[in-house]
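Analysis of the macromolecular model
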Amino acid sequence: MADPPSPGRARPPILVTGASSGLGRHFARMLAAAGHPILAAARRAPELATLAAEIAAAGGRAATFALDVTDAAAVDATVAAAAASFGPLGGLVNNAGINESAPLLDQDIAAWDRVLATNLRGAFLVARAVAKGMARAGGGAIVNIASILGLRQAGGVGAYATAKAGLIQLTREMALEWARHGIRVNALAPGYIETPLNRAFFASPEGQAMIRRIPARRLGRPEDLDAALRLLLSPEAGYITGAVLAVDGGHLVSGL
Ligand SMILES: NC(=O)c1ccc[n+]([C@@H]2O[C@H](COP(=O)([O-])OP(=O)(O)OC[C@H]3O[C@@H](n4cnc5c(N)ncnc54)[C@H](OP(=O)(O)O)[C@@H]3O)[C@@H](O)[C@H]2O)c1
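Residues numbered from 1 in each chain as written. Predicted model: local features only at pLDDT ≥ 70, side-chain atom pairs only at ≥ 80, totals over all residues. Heavy atoms only, no water.

Regarding the overall build of the chain
Within the chain, the secondary structure is distributed over eight helices and seven strands. In terms of overall size, the chain behaves like a compact globule, its C-alpha atoms giving a radius of gyration of 18 Å where 256 residues would be expected to give roughly 18 Å. Summarising its shape, the C-alpha atoms of the chain cover approximately 50 × 40 × 35 Å along the three principal directions. Summarising the internal contacts of the chain: among those between residues at least 6 apart in sequence, 70% fall at separations of at least 24. Entry remark: accessible area of the chain is about 12,000 Å², with carbon and sulfur atoms responsible for 57%. For the chain, the distance from the average site of its 24 positive side-chain charges to the average site of its 19 negative ones is 5 Å. (Helix = DSSP H or I, 4+ residues; strand = E, 2+ residues; numbered from the N terminus. Rg over C-alpha atoms; globule rule 2.2 N^0.38 Å. Contact = heavy atoms within 4.5 Å. Areas by Shrake-Rupley, 256 points an atom, 1.4 Å probe, with all protein chains shown as cover. Lys, Arg positive; Asp, Glu negative; His and termini not counted. Charge placed at Lys NZ, Arg CZ, Asp CG, Glu CD.)

Okay, structure coming up:
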């Protein structure tokens with residue numbers, strides 16, 4: 001998969017959740033350009049339609065699915081429909097996620113439930129539904145989009161960091177249980193990546209101070225994640241499973 005597309009060598013279809021914006025949208029476009037048929041899922045159908053049109057205009061193939069990953073029945077139906085579109089799924093980029101920041105003493109419980117339901121329960125529902133099909137087809141590769149906040153702490157993101165830590169441990173559990181089915185499961189843990197949603201914060205004095213604490217002295221860009229994602233999805237990574245790969249400009253190894 002890391003190789004350029006070549007005639008006669010079909011790339012497996014890949015499901016990307018949270019494909020309507022940000023990193024998921026970027027991943028879908030990047031993987032489509034590498035020759036993979038893309039199954040793009042998220043709640044906002046108009047944004048997905050725009051993405052699919054862009055992929056088609058660039059010569060790729062995409063199908064879209066309006067999906068709330070917290071809805072178990074909808075996840076199963078969507079994964080079945082996705083597998084019927086371009087054939088058995090070879091990869092999953094389990095990317096849908098939300099954050100609702102709050103200090104833990106003031107944590108709203110409904111917000112806590114939303115963050116855990118999307119980032120952890122939703123990721124499990126999608127991975128399990130996809131893995132059942134992969135097991136029948138002889139294997140596949142799942143990449144869970146975690147965060148360095150699943151490995152370290154920061155104030156005000158308790159629910160999000162807890163969900164991402166859970167997703168990292170879930171990655172290891174799934175890797176253990178599903179290796180016998182030829183399914184590899186790894187986590188990609190991005191550092192702070194600049195997206196339209198956080199651009200204003202990182203332009204502020206607090207945001208600039210945070211950037212100075214990153215050893216690379218800059219924010220990540222979506223394309224900084226591409227090589228790691230391609231590797232983890234690739235047959236070249238056939239013996240890599242249960243790994244957590246941080247792509248963070250050294251943020252996790254920043255000095256005390
Ligand atoms: N940006 C960063 O610095 C950074 C760093 C580390 C990790 N991450 C992780 O990367 C992933 C993408 O983040 P992003 O920065 O690209 O954020 P984003 O632009 O807000 O994208 C989040 C995506 O998740 C989808 N989503 C949210 N809730 C959903 C639900 N219930 N069902 C289905 N889809 C849902 C959204 O689509 P709809 O609203 O259309 O449903 C959207 O497409 C997340 O898992 C995030 O935790 C991001």
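Resuming the write-up.
Topic: the environment of Ala135
Note on placement: Ala135 falls in helix H4 (residues 109-137). You can call Ala135 partly exposed: its relative accessible area is 31%. With 43 residues separating them in the primary sequence, Ala135 and Trp178 have C-alpha atoms 8.1 Å apart. (Buried < 20%, exposed > 50% of the residue type's maximum accessible area, 1.4 Å probe, protein only.)

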